[in-house]
Amino acid sequence: MTESKATVSRRTFVTGSLAGLAVASTAGALYGCAPAAEDDLAATGETAETTPDTIAWSQCVVNCGGACALQWHVRDGKIVYAETDNVGDPNGLQARACLRGRSLRRWINSPDRLQYPMKRVGKRGEGKFEQISWDEAYQTIADKLKSVIDTYGNEAVYVNYASGVSSSTSRLFPRLANLMGGYLGSYNDYSTNMMCAGMPFLYGDTCSPYDNVSASSISEAQNADLIIMFGNSPAETRMGGANIAWDFAQVREKGGKIYHVDYRMNETVSGHPDEWLPIRTGTDAALVSAIAHELIVNNQVNKEFLDTYCVGFDEATMPASAQGQHKSYQDYIMGTGYDMVEKTPEWAAPITQIPAARIRELAGEIANAKALFVAQGWGPQRHSNGESASRAICMLPILTGMIGKPGTNTGMREAEAGGLVGSIPKGKNPVEASINCYQWLNAVDHGATMTAAKDGVRGADALSGGIKFMWNYGGNCITNQHSDINLVHDILQDESKLEFLVVVDTVMADSAKYADILLPDAMRAEQFHMANNGYAEYYLGVLVGEKAQDAPGEALPEYEFMTGIADKLGLKDAFTEGKTQEQWIEELYRQSADAIEGMPTWEEILEQHHFKMEAPAAIGFADFVADPAANPLETPSGKIEIYSERLDQMIAGLELAEGDNIFPIPVFDPGFNGYGSVNEEFPLYCSGFHHKSRTHSSYGGVEELKQVARQQMWINPLDAEARSIENGDKCRVKSAVGELEIEALVTPRIIPGTIGIPQGSWHEADMDGDRVDKGACINTITPYHPSPLAKGNGVHSLIVQVTKA
Ligand SMILES: Nc1nc2c(c(=O)[nH]1)N[C@H]1C(S)=C(S)[C@@H](COP(=O)(O)OP(=O)(O)OC[C@H]3O[C@@H](n4cnc5c(=O)[nH]c(N)nc54)[C@H](O)[C@@H]3O)O[C@H]1N2
Ligand SMILES: Nc1nc2c(c(=O)[nH]1)N[C@H]1C(S)=C(S)[C@@H](COP(=O)(O)OP(=O)(O)OC[C@H]3O[C@@H](n4cnc5c(=O)[nH]c(N)nc54)[C@H](O)[C@@H]3O)O[C@H]1N2
Ligand code: SF4
Ligand SMILES: [Mo]
């Protein structure tokens, strides 16, 4: 296992060096990604001396995005324990697994693995199934797919959003569907939905939360004297050894002062001595507006930057269509436009729960920063006003001109480096219509009434009908990860709406209980596989992994059963192009190795399995700032559009639900279930967050992880006391749409008035009885109210009551 000599790197590789390991263990231990430990040895009673000699490389491919490396130790054809990555520079280039990855064996070898194809025999959601043969499964699926297309057209076929498997050979249904005339498409994702909708109006069409053009690498924060993180917790959400948790640890040591703006003191804050600025959820835009007010009245905005690079800060740079109408950002802030309210710190204080004096102080620090690095996680945008909130946060670097220069960032989350290899091509989808990925339930329920103006249908003015056939591979977004599970349950009970649902999983996830046909998938460790690394901001990696053991029962790799279905449809040759999975992987790998300098040859990668190269660090919009005429943004004006004429025109054509608003500038708007919506019945705000115990619902079945990081509701002592709730008490949390049971964590690490529930816990309720969710899945209580612009999942705008159970 040697690192390719051709590896491009700014850093020195110190494979096996004691010095490197010592450095790594300090910060690694903090985030549970200690380097190169034989962590599972103790559990198996093995010692290093009796280590079995077969090692199979593999990866953790859930949507944490880390894609950490695993080396399975295999004895008698069975995985017995895991080592993780121990090759190369431990300083950020070892993809060391977190505790979840290190527990993967318990999932793979769990007796709860799905082992046989099954058909539903009970009601949808009941979880009653009967074993069938693969041949029957292939035939049933092929027949139903054909009949739905014949009866309703290709638009009635849908592929649900699902993020459970990242691999070059996964999620193959679209390839098959495209060979049959296509399927109803979907846009955006559950991660960044509101941001994806809003940000292009500000920063241009190519701006994405996953690029390295519109954002800076986190390493750039080392050159900043002030770093402000809005709802961004890499210590919880990018935990792997080659991920941002690691890189952020370097910032803490080398960079300037760090503020974390969050409704809870997240684990990234708790690891270092700088400041947590508690804020009410969904009100970041109010804080930003008040800071903007202070910068304006103290003459501290960077006028030169605003005049040169931006549109719409003040009247002088408003487009002709909006001149003289008091629609500029300055008009909004100073109370001369829009709601005519001056956005003073005194205005923002009761909204944000941050005292006015503290807001003034913070504005002063921002004005005096030599290099300001502002980054937002995706927590702030996962609210009903997320389209505006995410753009508003970017106003801090825009107003101060802290963009495109060393030590700065655009306000987006840190840059991502991208990937090295591609995946089996999906082909072209002949169907032009698409919906937001969060709108599938509406399209099942009343697709025929959905329009572009009202529901965000794209590629057509309206849908021709509803979804009748749905494919769900490696995802739990039917119930657990969607929202309003009780509503989903009721809609799916009516089999005249959704006629057929195929789910492919490895365990009986809550969504799987709704399948008409349920297929058992082989996991990565049970097949030859290849995948990129994920969220590592300046590390690019690819891993070609081996089969470590047989899949349980009759579980098959996806490529095999998809070929079986294609065969029944007479499309086998078109689907496979005569290639096996191994041959596809080789071809895809070779394509990249031929194009990217420094990648090992195919023969070399089969020996070394894992290849890593350092990606160049990025400064967001550096080219644009250096020469805006030569490198314009992809907005109509080529500039940063604080006021978007394009959005203003679009708003005019939309039909918004009552209470929903969109503005052409980044304002504070409370939104559905936002600030001010609490009442006697539901007096508390409630937000969710991504928890270290799981990756969404993945790993949710591993008992040991549940013990290590319990599913608890965070509640402030003030709110707990008022309800006689003590630490560890069992509580009920109720919203307008559902109720769950959860243990209380009474802690000053959360702001008063808001509770926090880790998302992803497994839903567990008697759906024919009281429906109280004993599994404490937050989506039992999140209402289904697509956000105004994205039509996305702003689900953490939520109001509840908490009582002792
Ligand atoms: N309230 C609330 N809801 C949320 C979020 C939130 O913050 N709050 N977050 C949202 C976000 S950002 C996302 S990305 C989504 C994620 O939602 P999902 O994409 O549904 O992700 P997971 O919950 O991890 O579900 C992955 C599924 O894939 C299965 N799986 C794992 N490995 C394999 C395999 O090898 N083969 C097959 N066939 N299946 C496999 C797992 O068992 C699991 O059922 O959730 C969203 N939902
Ligand atoms: N351990 C773990 N890691 C993961 C995942 C996981 O499930 N578990 N999921 C992965 C995926 S698919 C994704 S999309 C990412 C998700 O990454 P994020 O979306 O960034 O994660 P969240 O925890 O939802 O939100 C980040 C922070 O925002 C805070 N927050 C919530 N609302 C607000 C608000 O209104 N204002 C402010 N200022 N802060 C707020 C939360 O408390 C949290 O600390 O994580 C990835 N990594
Ligand atoms: S869950 Fe994420 S950080 Fe943990 S091992 Fe898997 S990819 Fe790595
Ligand atoms: Mo996500």
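Our subject is the structure that appears above.
Quick notes on the rules
- Residues numbered from 1 in each chain as written.
- Chains lettered and ligands numbered in written order.
- Predicted model: local features only at pLDDT ≥ 70, side-chain atom pairs only at ≥ 80, totals over all residues.
- Heavy atoms only, no water.
- Helix = DSSP H or I, 4+ residues; strand = E, 2+ residues; numbered from the N terminus.
- Buried < 20%, exposed > 50% of the residue type's maximum accessible area, 1.4 Å probe, protein only.
- Contact = heavy atoms within 4.5 Å.
- Near = heavy atom within 4 Å.
- Nonpolar A, V, L, I, M, F, W, Y, C, P; charged D, E, K, R; others polar.
- 1 Å grid on protein atoms, 1.4 Å probe; cavity = no way out; pocket = protein on both sides within 12 Å on 5 of 7 lines; lining within 4 Å.
- Points joined across faces, edges and corners; volume = space filled by probe spheres on them.
- Domains from an automatic or database assignment.
- Polar contact = N/O pair within 3.5 Å; in protein donor to acceptor, adjacent residues only side chain to side chain.
- Areas by Shrake-Rupley, 256 points an atom, 1.4 Å probe, with all protein chains shown as cover.
- Axes fitted to C-alpha atoms, helices over the stretch in contact; angles between N-to-C directions.
- Parallel < 35°, antiparallel > 145°, perpendicular 65-115°, else oblique.
- Left-handed = near helix turned anticlockwise from the far one by under 90°.
- Disulfide = S-S within 2.5 Å.
- Pairing = 2+ DSSP bridges.

1. Comments concerning the side chain of Asn160
No. 1: The topology assignment puts Asn160 in the loop between strand 6 (157–159) and helix 6 (173–179).
No. 2: What makes Asn160 buried here is its relative accessible area of 4%.
No. 3: Apart from residues lying up to four places away in sequence, Asn160 is in contact with Trp440, Met470, Trp471, Asn472, Cys477 and Ile478.

2. Comments concerning the site of ligand 3
No. 1: Around ligand 3, the neighbouring residues are Cys60, Cys64, Gly66, Ala67, Cys68, Ala97, Cys98, Arg100, Gly101, Met239, Gly240 and Thr695.
No. 2: In terms of residue class, the shell around ligand 3 is made up of 7 nonpolar, 4 polar and 1 charged.

3. A few points about the environment of Leu492
No. 1: Within the secondary structure layout, Leu492 lies in helix 20 (residues 485–493).
No. 2: Expressed as a C-alpha distance, the spacing of Leu492 and Tyr514, which sit 22 residues apart in the sequence, is 7.7 Å.
No. 3: The contacts of Leu492, once residues within four sequence positions are left out, are Arg124, Trp440, Val444, Ile478, Leu498 and Tyr514.

4. Overview of the layout of surface pockets
No. 1: Of the pockets and cavities examined, the largest pocket occupies roughly 1100 Å³.
No. 2: Around the largest pocket sit 44 residues that line it, and Ala162, Ser163, Val165, Ser166 and Arg171 are the ones nearest its centre.
No. 3: Those elements that place two or more of their residues in the lining of the largest pocket are helix 6, strand 7 (185–187), strand 14 (469–473) and strand 17 (529–532).
No. 4: Among the residues making up the lining of the largest pocket, the classes are represented as 18 nonpolar, 22 polar and 4 charged.
No. 5: Residues lining the lining of the largest pocket come from more than one domain, with at least three contributed by each of domain 1 (2–108) and domain 2 (118–190 + 420–521 + 556–571).

5. Notes on the site of ligand 1
No. 1: In the region of ligand 1, 32 residues are neighbours, and Ser163, Asn476, Asp505, Ser697 and Ser698 sit closest.
No. 2: Cys477 is positioned such that a nitrogen or oxygen atom in its backbone is 3.4 Å from an oxygen atom of ligand 1.
No. 3: Interatomic distance of 2.8 Å between a side-chain N/O atom of Asp521 and a nitrogen atom of ligand 1.
No. 4: Notes on ligand 1: free accessible area 920 Å², of which the protein chains cover 98%.
No. 5: Lining the shell around ligand 1 are residues from two domains, each supplying at least three of them: domain 2 (118–190 + 420–521 + 556–571) and domain 4 (684–804).

6. Here we look at the packing of helix 5 (residues 134–152) against helix 21 (residues 558–568)
No. 1: In the contact formed by helix 5 and helix 21, the axes pass within 8 Å of each other and the chain directions differ by 55°. The angle between the axes of helix 5 and helix 21 places the two elements in the oblique class. As helix 5 runs across helix 21, the sense of the crossing is right-handed. Residues Trp134, Asp135, Tyr138, Gln139, Ile141 and Ala142 of helix 5 form the contact with helix 21, whose own contacting residues are Glu560, Phe561, Gly564, Ile565 and Lys568.

7. Topic: the state of the cysteines
No. 1: Here the structure, examined in full by the defined rule, presents 0 disulfides.
No. 2: The cysteine Cys310 is free of any disulfide, with Cys394 supplying the nearest cysteine sulfur at 12 Å.
No. 3: Considering cysteine sulfurs only, Cys437 is the nearest to Cys477, which forms no disulfide, with 7.8 Å between them.

8. Here we look at the side chain of Glu236
No. 1: Turning to its location among the elements, Glu236 is positioned in helix 8 (residues 234–237).
No. 2: Side chain to side chain, Glu236 and Ser233 meet in a polar contact 2.4 Å long.
No. 3: Glu236 has contacts with Arg264, Asn266, Glu267, Thr268, Phe689 and His690, leaving out every residue within four places of it along the chain.

9. Focus: the packing of helix 14 (residues 345–352) against helix 15 (residues 356–368)
No. 1: Contact geometry for helix 14 and helix 15: axes closest at 8 Å, N-to-C directions at 115°. The orientation of helix 14 with respect to helix 15, classified from their angle, is roughly perpendicular. Crossing geometry of helix 14 relative to helix 15 is assigned as right-handed. Across from Pro345, Glu346, Ala348, Ala349 and Thr352 in helix 14, the residues of helix 15 making contact are Ala356, Ile359 and Arg360.
No. 2: A per-class count over the contact of helix 14 with helix 15 returns 5 nonpolar, 1 polar and 2 charged.

10. Some points on the sheet that holds strand 17
No. 1: One open sheet accounts for 3 strands, arranged 17-18-19; its pairing is antiparallel. Both edges of this open sheet fall to strand 17 and strand 19 (610–614), since each of them pairs with a single strand only. Neighbour-to-neighbour, the strand axes of the sheet open up by a mean angle of 5°, direction not taken into account.
No. 2: Inspection of the sheet shows strand 17 paired to strand 18 (residues 539–545) by 4 bridges, in the antiparallel sense.

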